[in-house]
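Spelled out, the chains give:
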Amino acid sequence: GLHSLFFDQPELGLFKEPQQRADSLDFLEHLSGVCRDLGGRTLIYGGGRKRGDLPVEDARTEAIAFFSELTARVKNHGTCFCFEPLGPDDTDFINSALESLDIVNEVASPALQVQLDAKALAETGEAVIETFQAVRQVLVHFHANEPGLGVLGSSGQVDHAGLGAMLREVGYKGYVSIE
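What you see is a predicted model; the values in this text were computed from it and never measured.

Turning to the pattern of salt bridges, a few remarks are in order. Across all of its chains, the model carries ten salt bridges by this definition. Residues Asp37 and Arg36 are paired through a salt bridge, measuring 2.8 Å at the closest nitrogen-oxygen approach. For Asp37, a relative accessible area of 59% gives the class exposed. We classify Arg36 as partly exposed; its relative accessible area is 35%. Among the salt bridges present, the one from Glu69 reaches Arg73, with a minimum N-O distance of 3.6 Å. Here Arg73 and Glu69 lie together in helix α2 (residues 56-74), a separation of four residues that amounts to about one turn. A relative accessible area of 33% means that Glu69 is categorised as partly exposed. In the salt-bridge network here, residues are joined through shared partners; they are Arg21, Asp26, Glu29, Glu62, Glu69 and Arg73.

Turning our attention to helix α3 (residues 97-107). Helical geometry: 3.6 residues make up each α-helical turn, so side chains three or four residues apart lie on a common side. Turning to α3, its buried residues are Ala97, Ser100, Leu101, Ile103, Val104 and Val107. Relative to the axis of α3, the buried residues are bounded by an arc of 165° and lie together on one face. Looking at the buried side of α3, the elements it contacts are α2, β2 (80-83), β3 (112-117) and α5 (129-135). Two or three places before Leu98, at the opening of α3, Ser96 has a side-chain oxygen 3.0 Å from that residue's backbone nitrogen. Positive backbone phi, at 55°, marks Ala108, one or two positions downstream of α3.

Taking 1.5 Å per residue, 19 residues should reach 27 Å; α2 reaches 26 Å between its end C-alpha atoms and fits that length. For α2, the set of buried residues is Ala59, Arg60, Ala63, Ile64, Phe66, Phe67, Leu70, Thr71 and Val74. Elements in contact with the buried residues of α2: α1 (18-37), β1 (42-45), β2, α3 and β3.

The next subject is empty space enclosed by the protein. Under the definition given, this model contains one cavity of 30 Å³ or more. Estimates place the volume of the largest cavity at around 30 Å³. Lining the largest cavity, in full, are Pro85, Asn95, Ser96, Ala97, Asp117, Ala120, Leu121, Thr124 and Glu126. The element that contributes the greatest number of residues to the lining of the largest cavity is helix α4 (residues 118-124), accounting for three residues.

Turning our attention to the pairing of β2. Taking every second residue as pointing to the same face, both faces of β2 are buried, with Cys80 and Cys82 on one and Phe81 and Phe83 on the other. Here β1 runs beside β2; their pairing, made up of four bridges, is parallel. Pairing of Ile44 across the sheet is with Cys82, part of β2. Following the backbone out of β2, through α3 and into the adjacent parallel β3, one traces a crossover that is right-handed.

All right, on to the layout of surface pockets then. Considered as a void within the structure, the second largest pocket measures approximately 200 Å³ in volume. Lining the second largest pocket are 13 residues, and of these Gly1, Leu2, Thr42, His141 and Tyr175 lie nearest its centre. Counting residues per element, the ones that place at least two in the lining of the second largest pocket are β1, β4 (139-144) and β5 (175-178). Looking at the lining of the second largest pocket element by element, the count peaks at three residues for β4. Here the lining of the second largest pocket is composed, by residue class, of four nonpolar, eight polar and one charged.

Quick notes on the rules
- Residues numbered from 1 in each chain as written.
- Predicted model: local features only at pLDDT ≥ 70, side-chain atom pairs only at ≥ 80, totals over all residues.
- Heavy atoms only, no water.
- Salt bridge = Lys/Arg side-chain N within 4 Å of Asp/Glu carboxyl O.
- Buried < 20%, exposed > 50% of the residue type's maximum accessible area, 1.4 Å probe, protein only.
- Helix = DSSP H or I, 4+ residues; strand = E, 2+ residues; numbered from the N terminus.
- Arc of directions from axis to C-beta.
- Contact = heavy atoms within 4.5 Å.
- Polar contact = N/O pair within 3.5 Å; in protein donor to acceptor, adjacent residues only side chain to side chain.
- Expected span 1.5 Å × (residues − 1).
- 1 Å grid on protein atoms, 1.4 Å probe; cavity = no way out; pocket = protein on both sides within 12 Å on 5 of 7 lines; lining within 4 Å.
- Points joined across faces, edges and corners; volume = space filled by probe spheres on them.
- Pairing = 2+ DSSP bridges.
- Right-handed = clockwise from strand over helix to strand, strands pointing away.
- Nonpolar A, V, L, I, M, F, W, Y, C, P; charged D, E, K, R; others polar.

Here's what the structure looks like:
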């Protein structure tokens, strides 16, 4: 799959002006095609989603409209986009796996699924079995990482063995990538 989708495209993302929004959709559709052509399936949507002064409910409404349009455009690619829930120091929109799940359920397309991130789960207090149980039907990717993207196990803040046990408990069979 693909990650860091907007790393070198700071003008693109959610919550942009109409032309930038259209360019963002075109770019993501293109990346979905590239992912498909490479034999990949997942596109992890991490950056490019600062809402700034936009109220949370308006941001949620915009995200649902954006991803409803995007998933319709890529439905025949066999790929899926996944929000990467991140801690509040990394983004001001989708800080929780359950927030991500809520949007995935609203869009209701196989082209939008859930990805979990170890450091974010630790930062938000969601590193519990209930989180994994809630998302298990739409969980397609997992990032094993540390705060500051340090060496795995170096911070003492992320229980990787415990997270692995929870993945196994919910029957997760997808990819785990080290970030």
